[in-house]
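What follows is the residue order along each chain.
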Amino acid sequence: MTSDYLEKAQRHEARAARFRAIGNERLAKEREAKAKRLRAKDEQERRNEQRLTALERAVINLMMQRIVDDLLGPVLSDKIEENQSRTDPFTGCPRS
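Residues numbered from 1 in each chain as written. Predicted model: local features only at pLDDT ≥ 70, side-chain atom pairs only at ≥ 80, totals over all residues. Heavy atoms only, no water.

Brief notes about the pattern of salt bridges
Alright, step 1. Enumeration over the complete set of coordinates arrives at 6 salt bridges.
Alright, step 2. Note that R20 is salt-bridged to E32, the shortest N-O span being 2.5 Å. Of this pair, R20 sits in helix α1 (residues 4-21) while E32 is found in helix α2 (residues 25-86), placing the two residues 12 residues apart along the sequence.
Alright, step 3. Judged by its relative accessible area of 34%, E32 is partly exposed.
Alright, step 4. Note that R46 and D42 form a salt bridge whose closest N and O atoms lie 3.1 Å from each other. Here the residue R46 and the residue D42 both occupy positions in helix α2, the gap between them amounting to 4 residues, near one helical turn.
Alright, step 5. We classify D42 as buried; its relative accessible area is 4%.
Alright, step 6. Through salt bridges with shared partners, a single ionic network connects R20, E25 and E32. (Salt bridge = Lys/Arg side-chain N within 4 Å of Asp/Glu carboxyl O. Helix = DSSP H or I, 4+ residues; strand = E, 2+ residues; numbered from the N terminus. Buried < 20%, exposed > 50% of the residue type's maximum accessible area, 1.4 Å probe, protein only.)

Quick notes on the side chain of H12
Alright, step 1. The residue H12 is located in helix α1 in this model.
Alright, step 2. For H12, a relative accessible area of 12% translates into the label buried.
Alright, step 3. The contact partners of H12, leaving out residues within four places of it in the chain, are R31, K34, A35 and L38. (Contact = heavy atoms within 4.5 Å.)

Details of the environment of A33
Alright, step 1. Assignment of secondary structure puts A33 in helix α2.
Alright, step 2. Expressed as a C-alpha distance, the spacing of A33 and E13, which sit 20 residues apart in the sequence, is 9.1 Å.

Remarks on α1
Alright, step 1. For α1, which comprises 18 residues, the first-to-last C-alpha distance of 26 Å matches the rise-based estimate of 26 Å (1.5 Å per residue) to within 8%.
Alright, step 2. For α1, the complete set of buried residues consists of L6, A9, H12 and A16. What you see down the axis of α1 is that its buried residues fit within an arc of 120°, all on one side. For α1, exposure combined with an orientation more than 90 degrees from the buried face picks out D4, R18 and A21. (Expected span 1.5 Å × (residues − 1). Arc of directions from axis to C-beta.)

Observations concerning a nonpolar patch on the surface
Alright, step 1. A grouping of I60, M64, I67, V68, L71, L72, V75 and L76 is seen on the molecular surface, where their side chains present a nonpolar patch of about 720 Å² in accessible area.
Alright, step 2. Topologically, L71 is positioned in helix α2. (Patch = residues over 30% accessible without salt bridge, like charges linked within 9 Å, V, L, I, M, F, W, Y side chains within 5 Å. Areas by Shrake-Rupley, 256 points an atom, 1.4 Å probe, with all protein chains shown as cover.)

Overview of a negative patch on the surface
Alright, step 1. Negative charge collects at one region of the surface, where D4, E7, E45, E49 and E56 lie side by side.
Alright, step 2. Counting only elements with at least two residues in the negative patch, the list comes to α1 and α2.
Alright, step 3. For the negative patch, the element with the most residues is α2, which contributes 3 residues.
Alright, step 4. Positionally, E7 belongs in helix α1. (Lys, Arg positive; Asp, Glu negative; His and termini not counted. Charge placed at Lys NZ, Arg CZ, Asp CG, Glu CD.)

Okay, structure coming up:
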């Protein structure tokens, strides 16, 4: 999917080619400069969206971790204590 900026940049590049074909170098350069600015805006928009997506994932992961900790925290701590009482603290092997 192309963004609006990218579509506009492509149109400006096509116009620049037409101006260059009829010999109007000044207008061709102006259109190419506009296309370059639009492509830069498109790239910036993509980077911002990627950052936002990464931030959203981080927030979701944090929320999930908090939910897991709230729900399973007491159960896991009991299991850890039970497991530690069954194993030798120095070797980690089960006690006989």
